[in-house]
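Topology and contacts: notes
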Protein chains: 2
Amino acid sequence: MTTHDMAKAAKNASIHLAAMSTDRKNAALAAVADALAREREQILAANAADLQAAKENDLASPLLKRLKFDDKKLADVVDGIESLIGLPDPVGQTQSATELDAGLNLYRVTCPIGVIGVIFESRPDALVQISTLCLKSGNAVLLKGGSEAVNTNRALAAVITEASVEAGLPEGWLQLLETRADVQEMLSMDENIDLLVPRGSNEFVKYIMDNSNIPVLGHADGICHAYVDAAADVGKAVAIAVDSKCQYVAVCNALETLLVHASIAEAFLPVAQAALTERGVELRGCSRTRQIIEVDQATEEDWRTEYLELILSIRVVDSLDDAVAHINTYGSGHTDVIVTEARQSADRFFALVDSGDIFWNCSTRFSDGFRYGLGAEVGISTNKIHARGPVGLDGLVIYQWRLIGNGQTVAPYADGEASFTHKPLDAPCPL
Amino acid sequence: MTTHDMAKAAKNASIHLAAMSTDRKNAALAAVADALAREREQILAANAADLQAAKENDLASPLLKRLKFDDKKLADVVDGIESLIGLPDPVGQTQSATELDAGLNLYRVTCPIGVIGVIFESRPDALVQISTLCLKSGNAVLLKGGSEAVNTNRALAAVITEASVEAGLPEGWLQLLETRADVQEMLSMDENIDLLVPRGSNEFVKYIMDNSNIPVLGHADGICHAYVDAAADVGKAVAIAVDSKCQYVAVCNALETLLVHASIAEAFLPVAQAALTERGVELRGCSRTRQIIEVDQATEEDWRTEYLELILSIRVVDSLDDAVAHINTYGSGHTDVIVTEARQSADRFFALVDSGDIFWNCSTRFSDGFRYGLGAEVGISTNKIHARGPVGLDGLVIYQWRLIGNGQTVAPYADGEASFTHKPLDAPCPL
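**Brief notes about the overall build of chain A**
What chain A contains, in helices and strands, is 16 helices and 17 strands. The principal-axis extent of the C-alpha atoms belonging to chain A is close to 75 × 70 × 35 Å. In chain A, buried positions account for 54% of the 431 residues. Excluding contacts between residues fewer than 6 apart, the proportion of contacts in chain A whose partners are at least 24 apart in sequence is 73%.

Next up, the structure:
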């Protein structure tokens, strides 16, 4: 099959998948979980082959770690599927119901988006997570994994496909792509792919965003800020800075820049320096920071950098508005925090910071689908439309308008012989 | 100012516009309505100049009609602004509220998208409508109108800008672009423009969609279908076909193709033919249609054509599933209707037709924001994400996550010393 044929097959399957009942989808998920556990040996053997090839190709050790799919990872994905079964079906929810006139009722009902194209790098567990999220939300999926995981991905995709189709899912709903040329083709297939979800490095996500007309759900940079207001509690500010930077350093919701109000800088910076350097954090400061604590000079480049390591840039600002301007200029619209005891400062910060997630007196690291209670996480989006911040299953659905009448035409309304009632209804769509 | 500077100015203004209160925005709208009425003479004179130039350039008469901005149009846009003032503010609505743990509360709150780029053709009233919709929803706007309306657009934009800035709106929130080169630049300014709303011909909208990485809200084709099921009431089916095709022929929600179940074709087609030809509709049918009524042969091209005139294509199908397959193949995801007395047929049609608007026993012409009771209409979208079908003000907003704590860090949750409650809250975000 050509890539185009695969996308076409996924599109056809998506129509029938969209019509599947919640029970049918949950039964298919249960069958997939069983099959993954049952086919353990085959899957681990495939992964061993990938690991062997990767070692022969001198793959760096963090990549090897991501590539590894062992009993722990298998148990995790099976657990993930089981909790997914327990989540409410995001499809078929009536979002609004309106009587347009007696006997003419309008409903807005959630439905799947259609075909999701997912491009992920080395982690094979991502294949299981994303394909089961698509299944639960009734979307067909085109998957392109890292070439170094080709054997593991084939094994996983085969197990998922077989178990789900046997459980009644339409053939073709899951398609595995394997080459870089496939990805290039995917990017231009806006007729058959409705949404791209790229998971991987910043450069990779940026490349996808810049080279496709298909909408992209995701984020490139995560340059998160904490602003320590004039009215901050120094103890809270230090604890939040340490947790935001150090709790897990290589993630998009980790802190990269600390903005400090000039009037609190002398009280805050020395305490923060002690706490952060104790945790091994290298600090880089603006000139005013360096008049208070001894750190390296931060450059313009620092404000634009997502370190993803134990480095933190610090800038002293004269006002909350200067902090906001810095965030809106250099930030990536991900997660930004104000530390203050003054409600009106928090209010102004919330009103003016243009980011997906804005926090008052807590760590940037809370910015996460599981912590938010969304259940499963599709990813984190810095888009300005559709879905923003941590995205749960409802980021994989859209809605359809359903109008139910009994022969009504528009002419009498246009001619003034009939008029609309536009009365809210308190019932879900009957079909 | 360069186009880039204008977009940058709009972006800066958008931050402050997003923070405006409902009262402030409504007061600005009222000031705009007053100013438009007050500056009547200046606006009509500008339009007279455009009309004069258009006549000298031999502009076609339908274009002249669209270009005309007279007292009736002025009264319409002023009425539109007044009803806009009465609508609820789409910004600042709490969509969900969750206690993550005692004293750590998460809110999802609606906010403006940011900067909307609107490209419209000759109708100057579109300038007023779209800029006031943007104002109400707290978005800055870059406007590019038709070059033949340059004087009218300048006059309208100047009046709206002056009145709104005087009423407290941030300078730069509305920017008027004038050249084709400006549009080209707009399409690549994804840093400062968050959403494009193109209004105009299919080719024009398609061009915008194909040539920008910025998300586009809108629709190109509107190829709407009515399927007359085996269990249809012939009288209803004829009335719906006539209204859908003829009530207003040059619009995206008008009917273009009639699909007829073979078992009802002999009963339905002659009656439909009589009613439709009486209204001046030219019919084109498939071979099976032509065995029953005398009409021209429809070609493959017909199934893909949005006529926007009194032409209707007809195809006889063997089953509901064949009708669905035709719609999902040739349709544009706009509005599709089933006429049937059998609930299970409607059920299957609703489950399988992948369109923004699906109707049972009523005219395609109901597919419209005002008829749906949405108040103001931004446009009709055939997108698969963000907003679908007729889009009201809520298509111009997105949401922000707001987390309010008291110094919480993630470490204790990650270390198992604390756990999340994820309890739904019944209160709006306090800031």
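Next, the rest of the story.
**Describing the relation of the copies chain B and chain A**
Taken together, a rotation about one axis and a shift along it account for how the two chain copies relate. Placing chain B over chain A gives an RMSD of 0.0 Å and needs a rotation angle of 180°, together with 0.0 Å of translation along the axis. The two molecules are tied by a two-fold rotation axis, judged by turn and shift. No C-alpha of chain B lies nearer the rotation axis than that of His386(B), which sits 1.9 Å from it. Looking at the interface residues of chain B, 100% of them are also at the interface in chain A, so both copies use one shared face.

**A look at the pairing of strand E7 (residues 224-228) of chain A**
Across a regular strand the side chains alternate sides, sitting on one face of the sheet and then on the other. All names here are of chain A. The buried fraction of E7 is high, at five of five residues. Covered by surrounding structure in E7 are Cys224, Ala226 and Val228 together with His225 and Tyr227, the residues of both alternating faces. Strand direction decides the pairing type here: E7 and strand E8 (residues 255-261), joined by five bridges, are parallel. Among the inter-strand pairings, Val228 is bridged to a residue of E8, identified as Val260. For the crossover that starts at E7, traverses helix H10 (residues 234-246) and ends in the parallel E8, the hand is right-handed. In the sheet, E7 pairs with strand E12 (residues 335-339) via four bridges, with the strands oriented parallel. Within E12, the position partnered with Ala226 by the bridge is Val337.

**So, the pairing of strand E5 (residues 174-177) of chain A**
Residues and elements named next belong to chain A. Side chains Leu174 and Leu176 of E5 all project onto a buried face; the interleaved residues Gln175 and Leu177 project onto the opposite face, where all are buried too. Strand direction decides the pairing type here: strand E4 (residues 140-144) and E5, joined by four bridges, are parallel. Looking at the pairing, Val141 lines up with Leu174 of E5. Chirality of the crossover, the property in question, places the unit of E4, helix H7 (residues 150-166) and E5 among those that are right-handed.

**Observations concerning the environment of Lys423(B)**
Tracing the sequence through the fold places Lys423(B) in strand E17 (residues 423-424). Filtering out sequence-adjacent residues up to four positions away, Lys423(B) remains in contact with Thr98(B) and Glu99(B).

**Brief notes about the domain arrangement of chain A**
By domain assignment, chain A separates into domain 1 (3-210) and domain 2 (224-366). Distance between the C-alpha centres of domain 1 of chain A and domain 2 of chain A: 37 Å.

**Observations regarding the sheet that holds strand E3 (residues 115-120) of chain A**
Hydrogen bonding along the main chain pairs the strands of a sheet, whether they run parallel or antiparallel. Residues and elements named next belong to chain A. The strand order across the open sheet formed by four strands is E5-E4-E3-E6, and the pairing between neighbours is parallel. Only two strands of the sheet have a single partner each, and these edge strands are E5 and strand E6 (195-199). The mean inter-strand angle of the sheet, taken between neighbouring strand axes irrespective of direction, is 20°. Judged from the five bridges that link them, E3 and E4 form a sheet pairing that is parallel.

**Here's the deal with the sheet that holds strand E7 (residues 224-228) of chain B**
Read from one edge of the open sheet, 11 strands run E17(A)-E1(A)-E2(A)-E16(A)-E13(B)-E12(B)-E7(B)-E8(B)-E11(B)-E9(B)-E10(B), paired in mixed fashion. Every other strand in the sheet has two partners, leaving strand E17 (423-424) of chain A together with strand E10 (296-297) of chain B as the edge strands with one partner each. The pairing of strand E12 (residues 335-339) of chain B with strand E13 (residues 357-362) of chain B spans four bridges and is classified as parallel. If you follow Asp336(B) over to E13(B), its bridge partner there is Ile358(B).

**What to know about helix H5 (residues 71-86) of chain B**
All names here are of chain B. Here H5 is 16 residues long and its end C-alpha atoms lie 23 Å apart, about the 22 Å a rise of 1.5 Å per residue gives. Those residues of H5 lying buried are Leu74, Val77, Ile81 and Leu84. All buried residues of H5 lie within an arc of 85° about the axis, which places them on one face of the element. Across H5 from its buried face, at more than 90 degrees, point the exposed residues Asp71, Lys72, Asp79, Glu82, Ser83 and Gly86. Residues of H5 that are buried sit in contact with helix H2 (22-38), helix H3 (40-56) and helix H6 (125-136).

**As for the packing of H2(B) against H5(B)**
All names here are of chain B. Axis separation between H2 and H5 bottoms out at 9 Å; the angle between their running directions is 165°. What the angle tells us is that H2 and H5 run roughly antiparallel. Note that H2 runs across H5; the crossing there is left-handed. Between H2 and H5, the residues in contact are Asn26, Leu29, Ala30, Val32, Ala33, Leu36 and Ala37 and Leu74, Val77, Val78, Ile81, Glu82, Leu84 and Ile85, respectively. Among the residues making up the contact of H2 with H5, the classes are represented as 12 nonpolar, one polar and one charged.

**As for the environment of Phe268(B)**
Residue and element names in this part refer to chain B. Tracing the backbone through its elements, the reader meets Phe268 in helix H11 (residues 262-278). Sequence spacing of Phe268 and Ser212 is 56 residues, and the spatial spacing of their C-alpha atoms is 46 Å. Once residues within four sequence positions are removed from consideration, Phe268 is found in contact with Val228, Val234, Ala237 and Val260.

**Describing the interface of chain B and chain A**
On the chain A side, the residues contacting the 62 residues of chain B number 62 residues. The dominant element in the side of chain B that touches chain A, judged by the number of residues it contributes, is strand E16 (residues 397-408) of chain B, at 11 residues. A class-by-class count of the residues in the side of chain B that touches chain A yields 32 nonpolar, 18 polar and 12 charged. The sheet contact formed by strand E16 (residues 397-408) of chain A and E13(B) spans five bridges and is parallel. Note on E13(B): the bridge partner recorded for Trp401(A) is Asp357(B).

**Comments concerning helix H6 (residues 125-136) of chain A**
Residue and element names in this part refer to chain A. Over its 12 residues, H6 extends 17 Å from the first C-alpha to the last, a length consistent with the 16 Å expected when each residue adds 1.5 Å. Most of H6 sits out of view: 11 of its 12 residues are buried. Gly138, located one to two residues past H6, shows a positive phi value of around 75°.

**So, unusual backbone geometry**
Note: most residues except glycine have negative phi, and most peptide bonds are trans. A positive phi angle, close to 45°, is found at His422(A), a residue other than glycine. The exposure class of His422(A) is partly exposed, given the 16 C-beta atoms found within 10 Å. Positive phi outside glycine occurs at His386(B), with the angle close to 70°. For His386(B), the position within the fold is in the loop between strand E14 (379-381) and strand E15 (389-391).

**Re the packing of H2(B) against helix H7 (residues 150-166) of chain B**
All names here are of chain B. Orientation of H2 relative to H7, taken along the N-to-C sense of each, is 140°, at an axis distance of 8 Å. Here H7 runs oblique to H2, going by the angle between their axes. Where H2 crosses over H7, the handedness of that crossing is right-handed. For the pair formed by H2 and H7, the contact residues are Ala28, Ala31, Val32, Ala35 and Leu36 on the first element and Val159, Ile160, Glu162, Ala163, Ser164 and Glu166 on the second.

**Thoughts on the environment of Asp210(B)**
Residues and elements named next belong to chain B. You can see Asp210 is positioned in helix H9 (residues 202-210). In this structure Asp210 comes out as exposed when scored by C-beta crowding, with 12 C-beta atoms within 10 Å. Taking the C-alpha atoms as reference, Asp210 lies 9.9 Å from Leu187; in sequence the two are 23 residues apart.

Rules behind the numbers
Residues numbered from 1 in each chain as written. Chains lettered and ligands numbered in written order. Predicted model: local features only at pLDDT ≥ 70, side-chain atom pairs only at ≥ 80, totals over all residues. Helix = DSSP H or I, 4+ residues; strand = E, 2+ residues; numbered from the N terminus. Buried ≥ 20, exposed ≤ 12 C-beta atoms within 10 Å, placed from the backbone. Contact = placed C-beta atoms within 7 Å. Least-squares fit on C-alpha atoms with pLDDT ≥ 70 in both. Pairing = 2+ DSSP bridges. Right-handed = clockwise from strand over helix to strand, strands pointing away. Domains from an automatic or database assignment. Axes fitted to C-alpha atoms, helices over the stretch in contact; angles between N-to-C directions. Expected span 1.5 Å × (residues − 1). Arc of directions from axis to C-beta. Parallel < 35°, antiparallel > 145°, perpendicular 65-115°, else oblique. Left-handed = near helix turned anticlockwise from the far one by under 90°. Nonpolar A, V, L, I, M, F, W, Y, C, P; charged D, E, K, R; others polar.

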